[in-house]
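# Observations on chain architecture
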Amino acid sequence: MTPAESPNAIEITRLVKTFGDAVALDGIDLAVPQGSVFGFLGPNGAGKTTALRILTGLARPTAGEARILGANVSTAGNVVRSRIGYLPDVPGFYPWMTAMELVEFAGRLFGIEPTTLRQRAESLLQMAGLSEVKSKVGGFSRGMKQRLGIAQALINAPSVLLLDEPTSALDPIGRREVLEMIASLRGRTTVFFSTHILADVERVCDTVAILDRGKVVANAPIAELTRRAAVDRLVIEVEGDPAALIRELERRPWLRSIERDEGRLTLAVSDLKAAQRELPAAIAAADLGLKRFEGAEVSLEDMFVELVRRAEA
Amino acid sequence: MNGFMTFLGKELTEIRKTWRIWVIPGLLVFFAITSPIIAAVTPALLGSISKSQPGVVMKLPPPTWRESYAQYLKSLSQMVLIAVVITGAGAVSGERSSGTAILTLTKPVSRRAFVLAKIVSQGCLLVAATVVGTVICAALSRAIFGPSPLGPLVASVSIWTIDALLMIVVMTFFSSMFAARGASAGAGLGFFFVSLLISIWPVANRYSFVGLASASGKALMQQPTGAAWPVVIAVVAGVLCAWAATRVFEKQEL
């Protein structure tokens, strides 16, 4: 299969980026299917922004390669840039421009014809909630700049939209609107967005990659990741001091972690059946009364913590 | 060069809409107005000082257009060139530190176009401001000192303009090389003062761009300037420096 026929909009192969002795990206491999909404998840400092800077051609890889729509981003230059939209984590704008001037400037750089550009700019600013704002960008709040950043990133109707922490500066309403906008692009545009906000990924992403200390520790659809993480949660509530019970449970091979909130214990377990079988007996042996025993939903956060913990181990 | 005209348009609009329209043009107009006035009042001023000193008699010839032009040229060669250094220091580094370079360079704009648009826009501003300042200086000199030939002023200011344009290219190179505006300003001031020092050496003065300043002065005195070598070397140095600025910027990570 030639690169042009690839079903993936973004392909990253053994990508390495070092800064002196520091390894920012340690041989990552990624494949982002065309038309998908792809969450690039990781804690701060994991290497997400570095990967995005390489994808946009702002930085060069130390080794390996990154391809967008079949073209190597290190050598393709304007061929790739003309088909992507990019929002950096902290967008910088010319403070003397208005929102309309900025979006039109961005569009002119793509060579968009003036009438089409005006229509698109108006429509995007409407979507960003900035159509009535006539003041200079220099006076905008961080949230307004973030929304303007998304509008300018969409001016060329990009095939691939790269967003670096697009919701980090937004209030809850703005965040919801941006996530809805991202979700609405599904199927038409490949959206690749980095974030450390797990709820955003759960809300809109089909597929997710988890990056930790420069390594991809997982790259799969969310449902598959949950299964792969193989972590189940149980919540039990007991009468009496559970200290002895906790000591006893910590010896069981199926226990991954345990959190205590007074008499309420939340257990992460690797073998649900064994836990369900052994827990009542352990509670009775500790001479505690059982008030509550139920399963808890595995969140992306649980899965994320588990995968990062495994990678560190 | 992808995006050159659009980015140049942005640069020229930015000059018009921000503080940049006031600095170089403001200085040039200020010196264009003050130079003839200073030339006119200097003999009277020195005369009044000598009167207050018993036994000191100072006889100065009446001022002419030549003193007015010389004063203007001195201001251009010192204050305006230093202003070119300071304002040019942030040409590229300022865009990098504010994040606006990323906004532009993730679109179909080559880094070469980005750097060259910076040079061309600053050059346009300098040339336009120099023309305005020179016309004002000539008109005021004529008003104060009577008929004043334009030839010496145009010749000397033209040679100075080549020097200032070279300084713009040099500053764009430093601004592309250093991430911090202060570092490029420091390098530019270093270049300015080292050039002044080197110009003391007659060979360098005759065969390199450092001779532009003295050639400019000679043009004003209506003497043979010997500007051919300095002009040719300045043009070659400017082209090389512009090429180096684009290469340095192309290799940098943002």
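Worth saying up front: this structure is predicted, and the values here are computed from it rather than measured. (Residues numbered from 1 in each chain as written. Chains lettered and ligands numbered in written order. Predicted model: local features only at pLDDT ≥ 70, side-chain atom pairs only at ≥ 80, totals over all residues. Heavy atoms only, no water.)

## Quick look at the overall build of chain B
Inclusion rule: Each helix is a run of H or I in the DSSP string that is no shorter than four residues. Each strand is a run of E no shorter than two, and both are numbered from the N terminus. Each residue gets one of three labels from its accessible area relative to the maximum for its type: buried under 20%, exposed over 50%, partly exposed in between, using a 1.4 Å probe on protein chains only. Here a residue-residue contact requires only that any non-hydrogen atoms of the pair lie within 4.5 Å. The sign given to each residue is positive for Lys and Arg and negative for Asp and Glu; His and the chain ends receive no count. Lys charges are placed at NZ, Arg charges at CZ, Asp charges at CG and Glu charges at CD.
Broken down by element type, chain B carries 11 helices and zero strands. In chain B, the order of α-helices and β-strands from amino to carboxyl end is α-α-α-α-α-α-α-α-α-α-α. Seen through its C-alpha atoms, chain B measures out along the principal axes to roughly 70 × 40 × 35 Å. Considering chain B as a whole, with its 254 residues, one finds that 50% of them fall into the buried category. Here the analysis covers contacts within chain B between residues at least 6 apart in sequence; of these, 81% occur between residues at least 24 apart. Side-chain charges in chain B split into 19 positive and 7 negative, and the spacing between the mean points of these groups amounts to 7 Å.

## Focus: the confidence of the model for chain B
Residues and elements named next belong to chain B. Formally: Looking at any residue, its pLDDT shows the predictor's confidence there, from 0 to 100.
Here chain B averages 93 in pLDDT, while 99% of its residues score no lower than 70. Taking the mean pLDDT of every element in chain B, the minimum, 89, falls on helix H2 (residues 20–52) and the maximum, 97, on helix H7 (residues 151–177). Predicted complex metrics record ipTM = 0.87 and pTM = 0.84.

## What about the environment of B:Leu212?
Residues and elements named next belong to chain B. Relative to the helices and strands, Leu 212 resides in helix H10 (residues 212–220). Under the relative-accessibility criterion, Leu 212 is labelled buried at 1%. A C-alpha to C-alpha distance of 5.7 Å links Leu 212 and Pro 230, two positions 18 residues apart in sequence. Those residues in contact with Leu 212, other than ones at most four positions away along the chain, are Ile 159, Ile 162, Asp 163, Pro 230, Val 231 and Ala 234.

## Quick look at the pairing of strand S2 (residues 22–33) of chain A
Just so we agree on the cut-off: For two strands to count as paired, DSSP must find a minimum of two bridges between them.
As judged from the nine bridges shared by strand S1 (residues 8–19) of chain A and S2(A), these two strands associate in the antiparallel manner. Note on S2(A): the bridge partner recorded for A:Thr18 is A:Val23.

## Some points on the sheet that holds strand S7 (residues 160–164) of chain A
All names here are of chain A. We apply this condition: To get an axis, fit a line to the C-alpha atoms, keeping to the stretch in contact for a helix; angles then go from 0 to 180 degrees between the N-to-C directions.
Read across the open sheet, the six strands follow the order S6-S7-S8-S3-S9-S10; overall the sheet is mixed. Of all strands in the sheet, those with a lone pairing partner are strand S6 (84–87) and strand S10 (215–221), marking the two edges. The sheet shows a mean angle of 15° between the axes of neighbouring strands, direction not considered. In this structure, strand S3 (residues 37–41) lies alongside strand S8 (residues 190–195), joined through five bridges in parallel fashion. Within S8, the position partnered with Phe 38 by the bridge is Phe 192. Sitting on the sheet, helix H6 (residues 142–153) is in contact with S6 and S7, with an inclination near 170° to S6.

## With respect to the pattern of salt bridges
For side chains of opposite charge, pairing can occur when their charged atoms come near one another. All names here are of chain B. As a reminder, the rule being used: Here, a salt bridge means any side-chain nitrogen of Lys or Arg that lies within 4 Å of a carboxyl oxygen of Asp or Glu.
Tallied over the full model, the rule gives 24 salt bridges over all chains. Among the ionic pairs, Glu 11 bridges to Lys 118, the shortest N-O distance being 2.9 Å. Separated by 107 residues along the polypeptide, Glu 11 in helix H1 (residues 4–17) and Lys 118 in helix H6 (residues 111–145) bring together distant segments of the chain. Pair check on accessibility: Glu 11 and Lys 118 agree, each one buried. A salt bridge links Glu 14 to Arg 20, with the shortest nitrogen-to-oxygen separation between them at 3.1 Å. Residues Glu 14 and Arg 20 agree in their burial class; the two are buried. Among the charged side chains, a salt-bridge network with shared partners connects Lys 10, Glu 11, Glu 14, Arg 20, Glu 95 and Lys 118.

## Focus on unusual backbone geometry
Residue and element names in this part refer to chain A. A positive phi angle is found at Arg 14, which is not glycine, with a value near 45°. Secondary-structure assignment places Arg 14 in strand S1. Although it is not a glycine, Ala 157 adopts a positive phi angle of roughly 45°. Locating Ala 157 in the fold gives a position in the loop between H6 and S7. A relative accessible area of 53% places Ala 157 in the exposed class.

## Section: the side chain of A:Thr207
Position of A:Thr207 among the secondary structure elements: in strand S9 (residues 207–212). If we ignore the near neighbours within four places in the chain, the residues touching A:Thr207 are A:Val37, A:Phe38, A:Gly39, A:Asn219, A:Ala220 and A:Pro221.

## Observations regarding the packing of aromatic side chains
All names here are of chain B. So the rule is basically this: Two rings from Phe, Tyr or Trp (for Trp, the six-membered ring) form a pair when their centres sit within 6.5 Å of each other. Planes less than 30 degrees apart are called stacked, planes more than 60 degrees apart edge-to-face, and all others tilted.
The full count for this structure, using the stated rule, is 13 aromatic pairs over all chains. With a centroid separation of 5.4 Å and an interplanar angle of 70°, the aromatic rings of Phe 30 and Phe 31 are classed as edge-to-face. Judged by relative accessible area, which is 48%, Phe 30 ranks as partly exposed. Taking the relative accessible area as the measure of exposure, Phe 31 reaches 11% and is therefore buried.

## Remarks on the interface of chain B and chain A
Short version of the rule: When two components associate, each loses some accessible surface as probed by a 1.4 Å sphere; the sum of these losses over both components is called the buried area.
On the side of chain A, 27 residues touch chain B, which itself brings 28 residues to the contact. With both sides pooled, the region where chain B packs onto chain A buries about 2,300 Å², and carbon together with sulfur makes up 61% of that total. The three residues of chain B that bury the most area against chain A are B:Thr106, B:Lys107 and B:Glu253, which together make up 27% of that side's buried surface. Taken together, the connections running from chain B to chain A amount to two salt bridges. The partner of B:Lys17 in a salt bridge is A:Glu101, and the shortest N-O contact between them spans 2.9 Å.

## Here's the deal with the sheet that holds S1(A)
Residues and elements named next belong to chain A. Pairing in this open sheet of four strands is antiparallel, and the strands run S2-S1-S4-S5 from one edge to the other. Where the open sheet ends on each side, the last strands, each with one partner, are S2 and strand S5 (71–72). The sheet contact formed by S1 and strand S4 (residues 63–68) spans five bridges and is antiparallel. Following the sheet pairing, Ile 10 is matched in S4 by Ile 68. Docked against the sheet, helix H1 (residues 48–55) engages S1, S2 and S4, running at close to 115° with respect to S1.

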